[in-house]
Amino acid sequence: MMCAVDRCSTLVLYGLTGVLFALSWMQDRAKTRLALKKAWKTLSGMVFLMGSIMLFAALGVVLVPQEVLVRVLGGESGFFGAFLASLVGAVTLIPAFVAFPTAKILLDAGAGVLQIGVFVSTLMMVGVVTLPLESRIFGSKAAVARNALAYLWSFVAGYVVFWAVR
């Protein structure tokens, strides 16, 4: 049943995109063409990044023995596994459209739901790599406070995902 819902949602989104594209094309062809060129340039710039990150994750899953992955990030690793996943997520800078397929690869390889929930949450909410920039914009206190609260909240989000999936 879930697949049918997914397919239906996808068809609705594609249909809506097609209708909006047609309306834009009728409204102003030059702007629509320019938007398509910009979108293509952005997409082509991200394909290498996305592919390389997913390849790295897949290689990691292949090269690291499954027993080690399950021991470190599996459901039985508990809080220790979630903590390790949170550290990796906090210092890694991966866009969301790559993080979720990477999480699926790790789940399929035997990682636990809680651990991957915490990993993805820290990927999305905590930015150790971007902390200097964030500090310059918002000030050090605000940047550190936001990252610390986001780090703690990642564990809450991971547990919510864990309980929702159970």
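All of these numbers come straight from a predicted model, not from anything done at the bench.

Asker: It is not clear to me how the packing of aromatic side chains should be interpreted in this structure. Could you clarify?
Answerer: Two descriptors summarise a pair of aromatic rings, namely the distance from one centre to the other and the angle between the planes of the rings. For the structure on display, the rule yields 5 aromatic pairs. For the pair Phe79 and Phe83, a centre-to-centre distance of 6.4 Å together with 25° between the ring planes defines the contact as stacked. Pair noted here: Phe79 and Phe83 are both in helix H4 (residues 78-91), with a separation of 4 residues, about one helical turn. With a centroid separation of 5.5 Å and an interplanar angle of 75°, the aromatic rings of Phe162 and Trp163 are classed as edge-to-face. Overall, Phe162 belongs to the partly exposed group, its relative accessible area being 27%. Judged by relative accessible area, which is 51%, Trp163 ranks as exposed. Taken together, Phe79, Phe83, Tyr151 and Phe155 form an aromatic cluster joined through their ring pairs.

Asker: Quick question: what am I supposed to make of the packing of helix H5 (residues 96-108) against helix H6 (residues 113-125) here?
Answerer: How two helices sit against one another is set out by the angle between their axes and by the gap between those axes. Direction vectors running N to C along H5 and H6 enclose 165°, while the axes themselves pass 10 Å from each other. In terms of their interaxial angle, H5 and H6 are classed as roughly antiparallel. You can see that H5 and H6 cross each other, and the crossing is right-handed. Between H5 and H6, the contacting residues are Ala96, Ala99, Phe100, Ala103, Leu106 and Leu107 on the first element and Val113, Ile116, Phe119, Val120, Leu123 and Met124 on the second.

Asker: Just to check I follow, could you spell out a nonpolar patch on the surface for this structure?
Answerer: Among the surface-exposed residues, Leu16, Val19, Leu20, Leu23 and Met26 lie close enough to one another that they form a single nonpolar patch of about 520 Å² accessible area. Tracing the chain through its elements places Leu16 in helix H1 (residues 2-27).

Asker: Sorry if this is basic, but what is going on with the side chain of Glu134 here?
Answerer: Of note, Glu134 is situated in helix H7 (residues 131-138). Residue class for Glu134 comes out buried when judged on its relative accessible area of 11%. Sequence-distant contacts of Glu134, that is, excluding residues within four places in its chain, are made with Gly139, Ala143, Arg146 and Asn147.

Definitions and limits used
As a convention, each chain's residues are numbered from 1 in the sequence order in which they are written. With pLDDT at 70 or above as the cut-off, local features in this predicted model cover only qualifying residues; side-chain atom pairs require 80 or more to be listed or tallied, and sums for whole chains, interfaces and linings still use all residues. Hydrogens and waters are ignored; side-chain quantities use all the structure's heavy atoms. Two rings belonging to Phe, Tyr or Trp (six-membered ring only in the last case) form a pair when the distance between their centres is within 6.5 Å. Interplanar angles under 30 degrees mark stacking, angles over 60 mark edge-to-face geometry, and anything in between is tilted. Runs of E in the DSSP output that reach at least two residues are strands. Runs of H or I that reach at least four are helices, and both are numbered from the N terminus. Note on classification: 1.4 Å probe, protein chains only; a residue is buried when its accessible area is under 20% of the maximum for its type, exposed when over 50%, partly exposed between these limits. Lines are fitted to the C-alpha atoms to define the axes, a helix being fitted only along its stretch in contact, and any angle between axes, read from their N-to-C directions, falls within 0 to 180 degrees. To sort the angles, those under 35 degrees are grouped as roughly parallel, those over 145 as roughly antiparallel, those from 65 to 115 as roughly perpendicular, and the leftovers as oblique. Definitions for this section: a left-handed crossing has its near helix turned counterclockwise from the far helix by less than a right angle. A right-handed crossing has that turn clockwise. Note on contacts: a residue pair qualifies if any of its non-hydrogen atoms lie within 4.5 Å across the two residues. In this analysis, a patch consists of residues with relative accessible area above 30% that form no salt bridge, clustered at 9 Å for like charges and at 5 Å for the nonpolar side chains Val, Leu, Ile, Met, Phe, Trp and Tyr. Using a 1.4 Å probe, accessible areas were evaluated by the Shrake-Rupley method; residue-level cover was limited to the displayed protein chains. Here, a salt bridge means any side-chain nitrogen of Lys or Arg that lies within 4 Å of a carboxyl oxygen of Asp or Glu.

All we've got here are geometric facts, nothing functional implied.
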